[in-house]
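# Remarks on the overall topology
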Amino acid sequence: MTQEEIKSLFSSIGEIESCKLIRDKITGQSLGYAFVNYTKTSDAEKAIGTLNGLRLQAKTIKVSHARPSSQAIKDANLYVCGLPKNMTQKDLEEMFEPVGRIITSRILCDSVTEKGKLGIEKHESASTGLSRGVGFIRFDKRIEAEEAIKRFNGTIPPGGVDPITVKFANNPSQNHAKALQQAYLASPTRRIPGPLHHQSRNFRYSPMGNEILGNVGMNSINNNGQGWCIFVYNLSPETEESLLWQLFGPFGAVTNVKVMRDFSTNKCKGFGFVTMTNYDEAVVAIANLNGYSLGSRVLQVSFKTSKHKC
């Protein structure tokens, strides 16, 4: 939905002072929410009464008063992974609502790519596809989000068999992530030498061809519009998508995983892709998991480039 379409929709209620669709600073794509200012308070109330819950483009939009900005409500959005695949959005809310007031909630499904936030928000449809076992919960206040992490992180939810990970969706301190990254990269024992790692020169062999890749610059790193895409190589034939969720989830918000499979056997071809929303968290995940021993294999993890094709 474009900004002009939003303006046209809300202008049908009354005179608008301004309308702004919020977009990702890197990709320019819509983040799924917008802000509309009316000239008259009565028109704003009418818009909430008329348009809240309206179905648009297979989505249900939420229209409400935007809350005034304050430190108390910042960084109150949580990322939850490891959820049972049959858990619904309602189940997720019922699980977390004892902790505090929930502003929005969402469970990622196979065909879902947009984020939901305050203002005018697109909620998931129950028929969009299979759950990825990943959800987002935004609380009214940060203190409530902190309590939710303390109470639910590492616990097994109703109907589940494995513990879930609950953490802030957007790292409140990017400086912390950068400091962790720098400290890790400074460690002389940070990597376990793998078959594709060249110790004497700062090169890496590409598993997709017989060529050597030098240091990959920012211009060649792949941002697929949903986040930062990470290439994972040397996976075993039995690898399932759930393993990649478990490996990368603790480092940050993961929106998609894909294991590349052989068409005839349906076995993993030895590599896959993971998409993370935050660049700094993706860097830390790569730094920690590149050279990680998984069974008898050593993983090779890097940002996806044009050399790696899905």
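Parameters and conventions
Residues numbered from 1 in each chain as written. Predicted model: local features only at pLDDT ≥ 70, side-chain atom pairs only at ≥ 80, totals over all residues. Heavy atoms only, no water. Buried < 20%, exposed > 50% of the residue type's maximum accessible area, 1.4 Å probe, protein only. Helix = DSSP H or I, 4+ residues; strand = E, 2+ residues; numbered from the N terminus. Arc of directions from axis to C-beta. pLDDT = per-residue confidence, 0-100. Contact = heavy atoms within 4.5 Å. Pairing = 2+ DSSP bridges. Axes fitted to C-alpha atoms, helices over the stretch in contact; angles between N-to-C directions.

Those residues of helix α1 (residues 3-11) lying buried are Ile6, Leu9 and Phe10. The buried residues of α1 occupy one face: seen down the axis, they fall within an arc of 90 degrees. Seen from the open side of α1, the exposed residues pointing more than 90 degrees away from its buried face are Glu4 and Ser8.

To continue, consider unusual backbone geometry. The backbone of asparagine 234 sits at a positive phi, close to 80 degrees, despite the residue not being glycine. Following the sequence through the fold, asparagine 234 ends up in the loop between β12 (228-233) and α6 (241-248). Residue asparagine 234 is classed as buried on the basis of its relative accessible area, which comes to 16%. One non-glycine residue, asparagine 266, lies in positive phi territory at about 65 degrees. On the secondary structure map, asparagine 266 appears in the loop between β13 (254-261) and β14 (268-276).

With that out of the way, let us pick up the confidence of the model for the protein. Looking at the protein as a whole, its pLDDT mean stands at 75, while 71% of the residues score no less than 70. Confidence scores differ between elements of the protein, with strand β11 (residues 212-213) showing the lowest mean pLDDT of 30 and helix α4 (residues 142-152) the highest of 93. Here residues 111-128 scores under 50 on pLDDT; set against residues more than four positions off or in separate chains, the count is 64 contacts. For the stretch residues 171-220, pLDDT sits under 50, and the model shows 67 contacts to residues farther than four places along the chain or on other chains.

In spatial order, the strands read β13-β14-β12-β17; together these 4 strands make up an open sheet with antiparallel pairing. Of all strands in the sheet, those bounded by a partner on one side alone are β13 and β17 (300-303). Here the average twist between neighbouring strands, direction ignored, is 20 degrees. Of the strand pairs in this sheet, β12 and β14 are connected by 6 bridges, and their pairing is antiparallel.

Once that is clear, we can look at the environment of aspartate 140. Note that aspartate 140 resides in the loop between β8 (131-139) and α4. Taking relative accessible area as the criterion, aspartate 140 reaches 13% and is therefore assigned buried. Separated by 68 residues in sequence, aspartate 140 and alanine 72 have C-alpha atoms that sit 8.5 Å apart.

Let's shift gears to the environment of threonine 275. Tracing the backbone through its elements, the reader meets threonine 275 in strand β14. Here threonine 275 falls in the buried class, since its relative accessible area comes to 4%. In sequence terms threonine 275 and valine 257 are 18 residues apart; their C-alpha atoms lie 6.3 Å from each other.

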